[in-house]
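These are the residues of each chain, in order.
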Amino acid sequence: MAPTSVWRLLALLALAGPALAQRAEHYSLHVRPDIEAQRLQVQARLQISGVPPGSRELLVAAPGLQLSHAELDGQDLPLRHSEAGWHVQLPAGVGPGLTLALRYQAPAAEGLVFGPNYVYTAYQSCNWLPCVGRLLERATLHVQFALPPGWLSVASDAERPYPLYVLGFAAGRFKEASETASGRTLRYLGAVDDEAGLRARFASTPAMLAFFEAKAGLPLPHAEYTQLLVPGGVAQEVSRHAVIGKAMLDPILETPEEDWVIAHELAHQWWGNLITCADWNEFWLNEGITSFMTAAWKQQRWGEAAYQRELELAARRWERAKAAGFDKPLSWPGDYPSLGLKRAIHYSKGMLFMHALRQELGEAAFWQGLRRYTQANAGHSVRAADLQEAMEGAAGMNLQRLFERWVY
Ligand SMILES: [Zn+2]
């Protein structure tokens, strides 16, 4: 993910006040894109749990949506809008579980991108989803589309819960190519480029899939993985697909080694999506591990020099954070003064820490530790202690001092 959007969302959530106990466990959306008006017409059903007894109000933390109707068991509910979102007035005696029906429009916004004949979501979930609960909490999403003839679509896995920020979908008059690898269907959709171009750009995907499955010790968690090529420079992991900007992938046509963005977003299917940091201050568990796995892919495919180059680039970014007097432990809970510094720690220092662990443990124990971590935590939220426990189990040694130095 490009981390530029994290802060705005955190600010938005802070407005929502103290953490609410209730959350939606399942979102079912019926989506009709209106391309001309650049908006979605949506009918939604939310299965909500944890509503405290006596609650008379429920917050839908999505202030940018234009909510027109809320209904519970056939009864219309009054709505009030504030900076925090939509306050739905509940009748007496409901909860702790309820199914809320909503009707709304979602206008084009950050994370909801309209093109001449397509629409896709990227990260800013509460700009198109009526969020109830924290972005790091898991929910399932089922999307039904009403689309013009000839349009294709992709959406999150409706069976397996994922954090809200990696839920998403795309639909449009896309070009399509596909192939089978490791028993999975790999789909390449293009809002730009033709079928041959898509195949050329994404040619390395099958080999990457085999590499990550072996290192994770777990197969890709879906029968299908889709990569959507769009104009611009976006790079966003979603729970069963990735959205990749053409600008990010143009270099690969000249220089096949420039494949990091495909590897990075595919690696997130395990590290980031399937296994997610429990708290934003441990976002390095998503991005540091993924950045390291991208470097490890390059090492296996393009050789030792390619791996060393990734480490050098990361070291240079970390050096800049040090020079700015802002070298923080990986799980530091404070605020970063800039995105660049946060990224230098979570992505770059995170990658270098994984390399340091690899050197400390040796090849066999390190990769065994990574498999333990991945297998033990699939489908769950993690903290750095979970990585430490898995690595210590594989290494048969106490790693507290190493983790103290880098992480805590
Ligand atoms: Zn990422």
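A short tour of the structure in this document, coming up. (Residues numbered from 1 in each chain as written. Predicted model: local features only at pLDDT ≥ 70, side-chain atom pairs only at ≥ 80, totals over all residues. Heavy atoms only, no water.)

Overview of the overall build of the chain
Piece 1. The secondary structure content of the chain amounts to 11 helices and 21 strands.
Piece 2. If one aligns the C-alpha atoms of the chain with their principal axes, the spans along those axes are about 65 × 50 × 40 Å.
Piece 3. Here the chain holds 408 residues, and 55% of them are scored as buried.
Piece 4. Across the chain, every contact between residues at least 6 apart in sequence was considered, and the portion connecting residues at least 24 apart equals 67%.
Piece 5. Looking at the chain as shown, the accessible area adds up to about 16000 Å², and 49% of this sits on carbon and sulfur atoms. (Helix = DSSP H or I, 4+ residues; strand = E, 2+ residues; numbered from the N terminus. Buried < 20%, exposed > 50% of the residue type's maximum accessible area, 1.4 Å probe, protein only. Contact = heavy atoms within 4.5 Å. Areas by Shrake-Rupley, 256 points an atom, 1.4 Å probe, with all protein chains shown as cover.)

Focus on the environment of Leu135
Piece 1. Assignment of secondary structure puts Leu135 in the loop between strand 10 (118-121) and strand 11 (138-145).
Piece 2. Between the C-alpha atom of Leu135 and that of Ala101, which follows or precedes it by 34 residues, the distance is 20 Å.

Details of the packing of aromatic side chains
Piece 1. In this structure the tally under the stated criterion is 25 aromatic pairs.
Piece 2. Centre to centre, the rings of Tyr123 and Tyr165 are 5.6 Å apart; their planes meet at 75°, and the pair counts as edge-to-face. Of this pair, Tyr123 sits in the loop between strand 10 and strand 11 while Tyr165 sits in the loop between strand 13 (162-163) and strand 14 (169-172), and the two are 42 residues apart along the sequence.
Piece 3. On the accessibility criterion, Tyr123 (3% relative accessible area) is buried. (Phe/Tyr/Trp six-rings, centres within 6.5 Å; stacked < 30°, edge-to-face > 60°.)

Here we look at a positive patch on the surface
Piece 1. The grouping of Arg309, Arg316, Arg317, Arg320 and Arg343 at the surface amounts to a positive patch.
Piece 2. The element contributing the most residues to the positive patch is helix 7 (residues 304-323), with four residues.
Piece 3. In this structure, Arg309 sits in helix 7.
Piece 4. Overall, the relative accessible area of 41% leaves Arg309 in the partly exposed class. (Patch = residues over 30% accessible without salt bridge, like charges linked within 9 Å, V, L, I, M, F, W, Y side chains within 5 Å. Salt bridge = Lys/Arg side-chain N within 4 Å of Asp/Glu carboxyl O. Lys, Arg positive; Asp, Glu negative; His and termini not counted. Charge placed at Lys NZ, Arg CZ, Asp CG, Glu CD.)

Some points on the pattern of salt bridges
Piece 1. Evaluated as defined, the whole model comprises 15 salt bridges.
Piece 2. Measuring nitrogen to oxygen at the nearest pair gives 2.6 Å for the salt bridge that ties Asp193 to Arg201.
Piece 3. A single salt-bridge network, built from bridges that share partners, covers Asp193, Arg201, Lys246 and Asp250.

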